[in-house]
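# Commentary on secondary and tertiary structure
Chain by chain, the residues:
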Amino acid sequence: AIYRGKSLGSAVTEAQWAAIQAGTFDDMYIGDYWTISGVTYRIAAFDYYLRAGDTDMTTHHVTLVPDGAMYSHTMNDSNVTTGGYVGSKMYTTGLADAKTTINNAFGSAHILTHRQYLCNAVSNGKPSGGSWYDSTVELMTEQNVYGGKVFGAGNDGSTVPVLNTVDKSQYPLFAFRPDLISNRTTFWLRDVVSDPYFAFAELTGFAAYLSASFALGVRPAFSIIG
């Protein structure tokens, strides 16, 4: 619970891997970062997903977020949110380049696989279904970034949307450093807003939403293990 913002080098050391595996996180703090192949990966949280999931997740881990968008991609080819996040082009193919870059940077054996409850159905512009999936690299939620829902579909008093998620609280990185939320980068979030819209973070600092066919930044979160 201390922000430091120190460079940890250009690769994770054996001592750092051991500290992550042990859950002691020696000499690692929120905001510390590794810069690997030109990408800055910053520590956003420690053990954020511990004991979460339909299968108990007991592995110690460090959650990382790149400082900026890794590239641009659409959520879908047309302005629809059919199938929610899981049904999107972003989920099915759009994260592939990010996964490859991240696996190359840290090693696939060091990327945490954990269980996420993700939206897979939308009715009348609201999430209406979801399920548990194995997860490695995902777009963030509005809660991860802002600390709460802003444009993501909400309860209108008659319809209760399926908003179940383990990503229900703000990453400490963004609580300590709100300026790193947008970081002058525009990037997609995975929250469904309506039939044509997903949520996104705008470079001016706005919480916003946009039609799914626009190409915006891909700035995913993932976790590393020892």
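Refer to the structure printed above.
Residues numbered from 1 in each chain as written. Predicted model: local features only at pLDDT ≥ 70, side-chain atom pairs only at ≥ 80, totals over all residues. Heavy atoms only, no water.

### What about the environment of Thr74?
Looking at the secondary structure, you find Thr74 in the loop between β4 (72-73) and α2 (89-94). Note on Thr74: relative accessible area 15%, which makes it buried. Only 3.5 Å separates the side chain of Thr74 from the backbone oxygen of Asn76, close enough to count as a polar contact. (Helix = DSSP H or I, 4+ residues; strand = E, 2+ residues; numbered from the N terminus. Buried < 20%, exposed > 50% of the residue type's maximum accessible area, 1.4 Å probe, protein only. Polar contact = N/O pair within 3.5 Å; in protein donor to acceptor, adjacent residues only side chain to side chain.)

### Some details on the packing of aromatic side chains
Under the criterion given, the structure shown has 15 aromatic pairs. When the ring of Trp188 is compared with that of Phe198, the centres are 6.4 Å apart and the planes differ by 80°; the resulting orientation is edge-to-face. Taken together, the residues span a long stretch of sequence, with Trp188 in strand β8 (residues 187-192) and Phe198 in strand β9 (residues 197-201) at a distance of 10 residues. For Phe198, a relative accessible area of 0% puts it in the buried group. In this structure an aromatic cluster arises from ring pairing among Trp34, Tyr41, Phe106 and Phe222. Across the ring face of Phe187, the terminal group of Arg219 is positioned such that the distance to the ring centre comes to 4.9 Å. (Phe/Tyr/Trp six-rings, centres within 6.5 Å; stacked < 30°, edge-to-face > 60°. Lys NZ or Arg CZ within 6 Å of the ring centre and 35° of its normal.)

### A look at unusual backbone geometry
In this structure, Arg51 is a non-glycine residue whose phi angle is positive, near 70°. Tracing the sequence through the fold places Arg51 in the loop between β2 (39-46) and β3 (62-66).

### Observations regarding a nonpolar patch on the surface
Nonpolar side chains collect at one region of the surface, where Val150, Phe151 and Tyr209 lie side by side and expose about 240 Å² of accessible area between them. Along the chain, Tyr209 falls in strand β10 (residues 207-211). A relative accessible area of 36% places Tyr209 in the partly exposed class. (Patch = residues over 30% accessible without salt bridge, like charges linked within 9 Å, V, L, I, M, F, W, Y side chains within 5 Å. Areas by Shrake-Rupley, 256 points an atom, 1.4 Å probe, with all protein chains shown as cover. Salt bridge = Lys/Arg side-chain N within 4 Å of Asp/Glu carboxyl O.)

### Overview of helix α1 (residues 14-22)
Counting along an α-helix, one turn takes 3.6 residues, and residues three or four places apart therefore face a common direction. Regarding α1, the residues found buried are Gln16, Trp17, Ala19 and Ile20. An end-on view of α1 places all buried positions within 165° of arc, on one side of the element. When the buried face of α1 is taken as reference, the exposed residues oriented beyond 90 degrees from it are Glu14, Ala15 and Gln21. Those residues of α1 that are buried are in contact with β1 (33-36), β3, α3 (96-106) and β12 (221-224). After α1 finishes, the residue Gly23 shows a positive phi value of roughly 75°. (Arc of directions from axis to C-beta. Contact = heavy atoms within 4.5 Å.)

### Observations regarding the nonpolar core
Ranked by internal contacts, the top residues of the largest apolar core, which has 44 residues, are Trp34, Phe106, Tyr171 and Ile224. At five residues, the largest contribution of residues to this core is made by β2. When neighbours within four sequence positions are excluded, Ile224 is seen to be in contact with Val12, Trp17, Ile20, Trp34, His60, His61, Val62, Leu64, Phe106, His110 and Ile111. Counting 18 residues, the second largest nonpolar core, distinct from the first, contains Met75, Leu118, Leu139 and Val218. (Core = buried A, V, L, I, M, F, W, Y, C linked by side-chain atoms within 4.5 Å.)

### Structural notes on the pattern of salt bridges
All chains considered together, the criterion is met by 10 salt bridges. Arg42 is paired through a salt bridge with Asp67; the nearest N and O atoms lie 2.8 Å apart. With a gap of 25 residues between them, Arg42 in strand β2 and Asp67 in the loop between β3 and β4 connect regions that are remote in the sequence. The same class applies to Arg42 and to Asp67, which are both buried. Here Asp54 and Arg115 are joined by a salt bridge, their closest N and O atoms 2.8 Å apart.

### Overview of the pairing of β3
Looking along a regular strand, one sees the side chains alternate between the two faces of the sheet. Among the five residues that make up β3, five are buried, leaving the element largely enclosed by the rest of the structure. With burial as the criterion, each face of β3 is covered, one bearing Val62, Leu64 and Pro66 and the other bearing Thr63 and Val65. Judged from the five bridges that link them, β2 and β3 form a sheet pairing that is antiparallel. Residue pairing in the sheet places Tyr41 in a bridge with Pro66 of β3. Pairing of β3 with β12, which is carried by three bridges, proceeds in the antiparallel orientation. Counterpart to Val62 in the pairing with β12 is Ile224. (Pairing = 2+ DSSP bridges.)

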